[in-house]
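Here is what each chain is made of, one letter per residue.
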Amino acid sequence: MALLAVEDLVVRFRTHGSVVHAVNGVSFELAAGETLGLVGESGCGKSVTSLAMMGLLPKPAGRVEGGRVMFDGLDLVTLSERDLRDIRGREIAMIFQDPMTSLNPVLTIEEQMVETIQAHKKTTHDDARKRAIELLTMVGIPRPENRLKSYPHEFSGGMRQRVMIAIALALEPRLMIADEPTTALDVTIQAQVLELLSRLTTDSDTALILITHDLGVVAGMTQRINVMYAGFVVETATTVDLFERPWHPYTVGLLHSIPRLDEERPEQLIPIEGVPPDQRREPVGCPFAPRCAWRLDVCWTDNPPLTPVGLVGRVTTTGSGATHRFACHNPPTAEEAAAGRPLRDGFVAAAPPGTVIERLVGADDVAPAAAEEVALFEMPEPGAKGLPVEPDAGGTGDDDDASQGRPT
Amino acid sequence: MLKYVVRRLIAAIPVLFGLSIVVFAFVHLLPGDPVAALLGQHATPDLTRQIREQMGLDKPIYEQYLIYLGQLARLDLGKSVINNRPVIEELARRFPATIELSAGALLVAIGLGIPLGRLAASYAQRWPDAVVTVISLLGISIPIFVLGYTLQFLFGATLQWLPASGRINPRLNIEAVTGFMLVDTLLARRVDAFFDALRSLILPSIALGSIPLAIITRITRAAVLDVSNEDYVRTARAKGLTERRVSDRHIMRNAWLPVVTVIGLQVGGLLAGAVITETVFSWSGVGSYIVNAIQDHDYLVVQSTILVFATIFLIVNLLVDITYAFLNPRIRYS
Amino acid sequence: MAATTTAANLAQPRASRGLWGDAARRLLRNGPALIGLAIIAIFVIAAILAPVIAPFEPLQRDGSQVFKPPSATHLMGTDRQARDVFSRILFGAQISLLVGVVSVIMGVAMGGTVGAIAGAFGGKADAVLMRTVDVLLAIPGILLAIGIVVWLDRGLVQIMFAVAATNAPIFARILRGSMLALRESDYVTAARSMGASTGRLLLRHMLPNALTPIIVASTLALATAIIDVAGLGFLGLGPPDPRTAEWGTMLTGATSFYRQAPWIIFFTGAAISVSAIGFNLLGDGLRESLDPRLKR
């Protein structure tokens with residue numbers, strides 16, 4: 001049985017008269033000792049999912065409004081605050097993005113570590129202190145006995161994050177959630193901290209959920225990846241499978257926005273046009289439709305479910321044999337995935353639902369030419385002899401930033 | 001931290017000088033003849049000449065100022081025009097009363113203000129918060145003398161639960177050893193008198209403490225709300241600590257910092273408010289000393305006492321800054 | 001391109017009408033602020049229409065009706081000199097509001113100028129000027145006002161000046177802050193690089209920035225001013241003519257009559273308190289609605 005099973009999790013934020021649909025039915029599983037990456041851009045719901053799991057959503061605005069989070073047979077969503085507190089820190093630990101603000105500035109490191117240990121185990125202060133020194137050594141803090149009495153501001157960023165990792169692993173939790181653990185750190189330090197995280201979780205057989213917007217981070221660290229967009233999981237696969245052959249247009253787009261050193265010819269970075277959707281409205285259809293170059297008419301109205309690649313009898317949700325699944329009506333072909341754009345003759349991304357066009361264009365029937373004009377993605381001439389053709393960047397016009405709602 | 005303290009001390013020096021200049025101006029640079037103004041109706045030819053000499057009014061301004069500074073250094077704050085007693089003596093005699101009153105007011109302000117502020121923060125936007133906000137609003141909007149007389153009327157005259165005025169029932173005849181009524185009654189081993197003095201302290205403390213109470217409540221509420229949104233509070237919860245612990249150790253320890261600063265500023269308000277409170281409650285402290293002097297046109301007393309109050313305020317602020325530096329590890333260990 | 005824009009954004013929130021429009025809208029939705037506004041309106045009207053509404057003259061003595069409790073003729077009773085308290089409160093509103101408003105304007109002018117100069121020039125000027133402000137701040141609240149009134153003798157103008165001196169430091173700090181922020185901000189450098197003159201910068205950039213805290217601070221300072229003026233009056237430092245109907249002066253020596261004529265204290269005290277409440281409510285409401293960060 002999986003260590004963690006999230007089933008159809010729904011999280012909404014409600015404030016004076018407005019609702020934000022942060023997470024819209026997310027499901028995944030995690031086996032003991034496994035490392036899973038949650039990847040997506042800001043606002044896709046990856047952090048909210050983990051906060052919801054721990055019961056740490058900002059009250060009173062954030063609420064779990066559907067689904068279950070099964071941890072070890074218990075539904076964390078229905079657990080009492082007392083029981084949740086028992087699990088936090090001891091069974092499930094979490095570290096956050098900014099180590100400077102995540103540590104209490106007026107308490108010493110010793111105080112902050114000892115209180116964690118003593119909150120869950122009956123230990124004397126001395127024993128807790130010894131354990132703290134052990135932990136600091138484990139994370140690579142030199143001369144830990146001296147540093148115990150220090151305050152957070154006396155450490156560098158990387159060291160602080162190591163301290164946070166030490167605190168998180170203090171009680172040997174079975175699951176650790178790391179929410180953008182290296183985003184606030186210098187690049188050189190990032191690698192060190194990630195390596196530390198990886199080594200420690202493997203050594204202690206702790207499952208790890210690594211949340212990040214950076215594909216580079218998950219590439220070396222995780223066994224499986226969930227790609228999230230606008231509160232949905234749009235693709236899930238083992239890391240190897242995902243990078244080798246992405247299926248969802250968003251994933252394809254993500255992979256093509258990263259500059260790669262191993263390309264022979266300097267290729268244009270293909271940005272994903274458009275901006276994330278306004279999550280204040282109830283999601284209708286596929287969330288990625290407005291920005292998708294492969295979209296069909298049905299994409300505007302039906303949100304595709306996660307379907308396995310190829311014909312599969314049973315779906316495996318964890319481990320190295322996990323089924324590669326994606327949520328798309330019209331997935332890119334392998335060539336298109338490699339190229340980063342549709343390659344089918346005469347294919348035009350479906351226009352938004354018809355009525356809108358008529359009002360604006362003013363014609364009774366929409367001529368094919370007019371439909372072409374409103375394509376979000378201008379189709380380049382299929383390149384001859386493999387020479388890349390520059391896509392016309394003028395496709396989307398001005399995006400009104402101000403009119404796009406962003407989820408909190 | 002030592003550097004910080006020294007820097008603050010040095011910064012205070014020009015302000016002290018500035019104060020002395022201001023009060024000097026108040027006394028020596030009056031529109032019109034200063035001596036006539038100072039003496040008012042008490043002017044006699046002898047007294048006039050004496051004062052003129054004493055103040056060195058025939059000398060150039062800067063010499064007058066230097067003489068003045070010299071006097072201040074010797075703690076010579078002048079003499080009362082009425083009874084020719086040195087101001088400093090009378091101040092020393094009356095100060096304990098004002099200190100007792102201020103202490104009582106501070107107790108009310110902090111003892112009620114901080115819990116109320118925390119309460120309001122934890123029930124933010126709900127009805128307890130609204131109630132506390134209303135109390136706070138009333139505290140800063142109702143003048144001390146209005147509140148004072150209302151309390152006197154209600155609890156002193158009508159309900160007769162508490163003494164309406166004075167520091168102690170005069171018939172109890174306690175000898176003034178330290179000047180602190182609460183101490184002197186105990187020294188005289190009169191427990192009944194002690195409680196009488198304590199009861200006399202209640203109404204004036206509430207009146208004087210009303211404004212600091214209102215402000216401390218507001219600041220505490222704001223500080224707790226701000227700190228509650230900080231990342232480290234989320235970390236504390238993620239570690240599985242009880243809400244109690246999170247509140248006391250993580251939220252309050254940090255929320256204290258701005259509150260301490262505000263308390264220091266409120267002491268100034270207490271000094272100023274004492275003037276009015278002592279008048280309303282017939283409290284024989286420095287505040288009523290100023291008011292009597294105003295009515296007697298004993299202006300030198302007024303200005304000298306203001307100088308003393310301001311100096312005390314400066315010192316208190318300095319102490320508060322040092323306390324803040326001590327409480328904030330980022331400054332303490334820099 | 002309109003069609004594509006529509007495709008890209010599926011939501012159309014209400015258009016923003018600029019800082020002032022938004023602020024006014026938010027203010028109108030703020031209950032307490034509206035109450036404050038109503039209170040202030042009542043007092044301003046009472047002050048203006050006092051000669052018309054008041055049943056008696058402020059100095060008019062009604063025979064031997066000394067210390068009479070509220071009745072049909074004397075809605076709020078009479079005082080020691082058999083004068084109608086209600087009428088005196090109405091006329092007192094004139095003084096309180098007049099002195100309050102003038103002293104705040106003076107405070108803004110004096111304090112603001114000092115602060116702006118300190119912030120604009122920096123360096124020595126800044127140090128000297130702000131030390132001076134610190135000296136004023138060292139003399140707490142009403143003590144400074146007392147000192148000034150005693151120094152300059154009693155009089156309405158002197159009172160205005162005294163209260164102005166108490167609230168000036170706040171405005172000095174605000175303007176100094178605005179100036180400093182302006183000097184160091186990126187957009188000033190950008191504007192300068194496009195040839196904007198100092199005057200233009202002051203007007204179009206600094207003023208709007210400083211205006212909102214000044215508006216909020218002025219409103220709140222009015223509340224304090226009203227209380228301070230009454231305090232001065234109470235202590236016997238009010239208008240030179242002791243018969244004047246000024247709220248604080250009406251309560252001088254109340255120790256001697258609070259038992260036999262509590263209504264005087266109640267009604268006069270209520271007048272002072274309620275007007276202060278009004279300005280405080282409005283000030284708080286303005287602060288909330290003018291804070292651009294809270295923009296929804």
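As the structure is a prediction and not an experimental result, all values here were calculated from the model.

Caption draft 1: Here's a closer look at the overall build of chain C. Looking only at helices and strands, one finds 10 helices and zero strands in chain C. Mapped from its N terminus to its C terminus, chain C presents α and β elements in the order α-α-α-α-α-α-α-α-α-α. Across the 296 residues of chain C, 48% fall into the buried class. Here the analysis covers contacts within chain C between residues at least 6 apart in sequence; of these, 70% occur between residues at least 24 apart.

Caption draft 2: Representation of the overall build of chain B. For chain B, the count of helices and strands is 14 helices and zero strands. Helices and strands appear in chain B in the N-to-C order α-α-α-α-α-α-α-α-α-α-α-α-α-α. Counting only C-alpha atoms, chain B reaches 80 × 55 × 40 Å along its principal axes. Partitioning the intrachain contacts of chain B with sequence separation of at least 6 by distance along the chain shows that 70% fall at a separation of at least 24.

Caption draft 3: Structural detail: the sheet that holds strand β10 (residues 232–238) of chain A. All names here are of chain A. If you walk across this open sheet you meet the eight strands as β6-β7-β8-β3-β9-β10-β12-β11, and the pairing is mixed. Each end of this open sheet is capped by a strand with a single partner; those strands are β6 (92–95) and β11 (307–308). Across two bridges, β11 lies against strand β12 (residues 325–326) in antiparallel orientation. By the bridge assignment for β12, Pro 308 is matched with Arg 325. Contacting β6 and β7 (175–179), helix α7 (residues 157–169) crosses the sheet at an angle of about 170° to β6.

Caption draft 4: Inspection of the nonpolar core at higher detail. Formed by 251 residues in total, the largest nonpolar core has its most connected members in A:Ala166 and A:Val234. The element that contributes the greatest number of residues to this core is helix α9 (residues 198–234) of chain C, accounting for 15 residues. If near-sequence neighbours (up to four positions away) are discounted, A:Ala166 is found in contact with A:Met113, A:Leu135, A:Leu136, A:Met138 and A:Val139. Listed in part, the eight residues of the second largest apolar core include B:Ile168, B:Ile174, B:Met181 and B:Phe194.

Caption draft 5: Layout of the environment of A:Gly313. Residue and element names in this part refer to chain A. Here Gly 313 is to be found in the loop between β11 and β12. Given 5 C-beta atoms within a 10 Å radius, Gly 313 is considered exposed. Sequence-wise, Gly 313 and Thr 108 are 205 residues apart; in three dimensions their C-alpha atoms are separated by 55 Å.

Caption draft 6: Geometry of the confidence of the model for chain B. Mean pLDDT over chain B works out to 85, with 94% of the residues at or above the 70 mark. No element of chain B has a lower mean pLDDT than helix α2 (residues 34–39) of chain B, at 67, and none a higher one than helix α6 (residues 127–141) of chain B, at 92.

Caption draft 7: Representation of the sheet that holds strand β4 (residues 62–71) of chain A in the model. Residue and element names in this part refer to chain A. Here we have four strands laid out as an open sheet, ordered β2-β1-β4-β5, and antiparallel in their pairing. In this open sheet, the two edge strands, each paired with only one partner strand, are β2 (18–30) and β5 (74–75). Pairing between strand β1 (residues 4–15) and β4: eight bridges, direction antiparallel. Within β4, the position partnered with Arg 12 by the bridge is Arg 63. Across the face of the sheet, helix α1 (residues 46–54) comes into contact with β1, β2 and β4 while running at roughly 75° to β2.

Caption draft 8: Examining helix α4 (residues 61–73) of chain B more closely. The end-to-end C-alpha distance of α4(B), which contains 13 residues, comes to 18 Å, matching closely the 18 Å that a straight helix rising 1.5 Å per residue would cover. One or two residues past the end of α4(B) sits B:Leu75, with phi positive at roughly 60°.

Caption draft 9: Structural detail: the interface of chain B and chain C. Each side of the interface is counted separately: chain B has 39 residues, and chain C has 36 residues. Secondary-structure elements contributing two or more residues to the side of chain B that touches chain C are α1 (2–28), α6, α7 (144–158), α11 (243–280), α12 (286–295) and α13 (299–327) of chain B. Element by element, the count of residues in the side of chain B that touches chain C is highest for α13(B), at eight residues. For the side of chain B that touches chain C, the class distribution of residues is 30 nonpolar, nine polar and no charged.

Caption draft 10: Expanded view of the packing of helix α4 (residues 85–121) of chain C against helix α7 (residues 156–184) of chain C. All names here are of chain C. With their axes 5 Å apart at the nearest point, α4 and α7 run at an angle of 35° to one another. Seen from above, α4 lies across α7 with right-handed handedness. Here the contact of α4 with α7 is composed, by residue class, of 25 nonpolar, nine polar and two charged.

Caption draft 11: Representation of the environment of B:Ala121 in the model. Structurally, the position occupied by B:Ala121 is in helix α5 (residues 87–122). Residues contacting B:Ala121, with those up to four places away along its chain left out, are B:Arg221, B:Val224 and B:Leu225.

Caption draft 12: Layout of the packing of α5(B) against α11(B). Residues and elements named next belong to chain B. Between α5 and α11, whose axes approach to 10 Å, the crossing angle comes to 135°. Looking at the two axes, α5 sits oblique to α11. The two elements α5 and α11 meet at a crossing, and its hand is right-handed. Facing α5, whose interface residues are Thr 98, Leu 101, Ser 102, Ala 105, Leu 106, Ala 109, Ile 110 and Ile 114, α11 presents Val 259, Ile 263, Gln 266, Leu 270, Ala 274 and Thr 277. When the residues that make up the contact of α5 with α11 are grouped by side-chain class, the tally is 10 nonpolar, four polar and no charged.

Caption draft 13: Up close: the pairing of β10(A). All names here are of chain A. Of all seven residues in β10, six are buried, a share of seventy percent or more. When strand β9 (residues 224–229) meets β10, the two strands line up antiparallel, connected through six bridges. Residue pairing for β10: Met 228 is matched across the bridge by Val 233. Linking β9 to β10, which pair antiparallel, is a turn of two residues; within it Ala 230 sits at a positive phi near 50°. When β10 meets β12, the two strands line up antiparallel, connected through two bridges. Residue pairing across strands places Thr 236 opposite Arg 325, the latter belonging to β12.

About the cut-offs
- Per-chain numbering applies: the sequence of each chain, read as written, is numbered from 1 onward.
- Ligands are numbered from 1 and chains lettered from A, in the order in which they are written.
- Predicted model: local features are reported for residues with pLDDT of at least 70 only, side-chain atom pairs are reported and counted for 80 or more only, and whole-chain, interface and lining totals are derived from all residues.
- Helical segments are the DSSP runs of H or I of at least four residues, strand segments are the runs of E of at least two, and each set is numbered from the N terminus.
- Buried residues are those with 20 or more other C-beta atoms within 10 Å of their own C-beta, exposed residues have 12 or fewer, and partly exposed residues lie in between; C-beta atoms are placed from the backbone.
- Residue pairs qualify as contacts under a 7 Å threshold applied to their C-beta atoms, which are placed from the backbone.
- At least two DSSP bridges between two strands are needed for those strands to be called paired.
- Here an angle of 0 to 180 degrees is reported between the N-to-C directions of two axes, which are lines fitted to C-alpha atoms, with helices fitted over the stretch in contact.
- Throughout this description, the term nonpolar core refers to a group of buried Ala, Val, Leu, Ile, Met, Phe, Trp, Tyr and Cys residues whose C-beta atoms join them within 7 Å.
- On a scale of 0 to 100, pLDDT captures the predictor's confidence in every residue.
- One less than the residue count of a helix, multiplied by 1.5 Å, gives the span that helix is expected to have.
- Polar here means any residue outside two lists: the nonpolar Ala, Val, Leu, Ile, Met, Phe, Trp, Tyr, Cys and Pro, and the charged Asp, Glu, Lys and Arg; Gly therefore counts as polar.
- In this scheme the crossing of two helices becomes right-handed for a clockwise turn of the near helix relative to the far one and left-handed for an anticlockwise turn of less than a right angle.
- In what follows, roughly perpendicular refers to angles from 65 to 115 degrees, roughly parallel to angles under 35, roughly antiparallel to angles over 145, and oblique to any angle outside these ranges.

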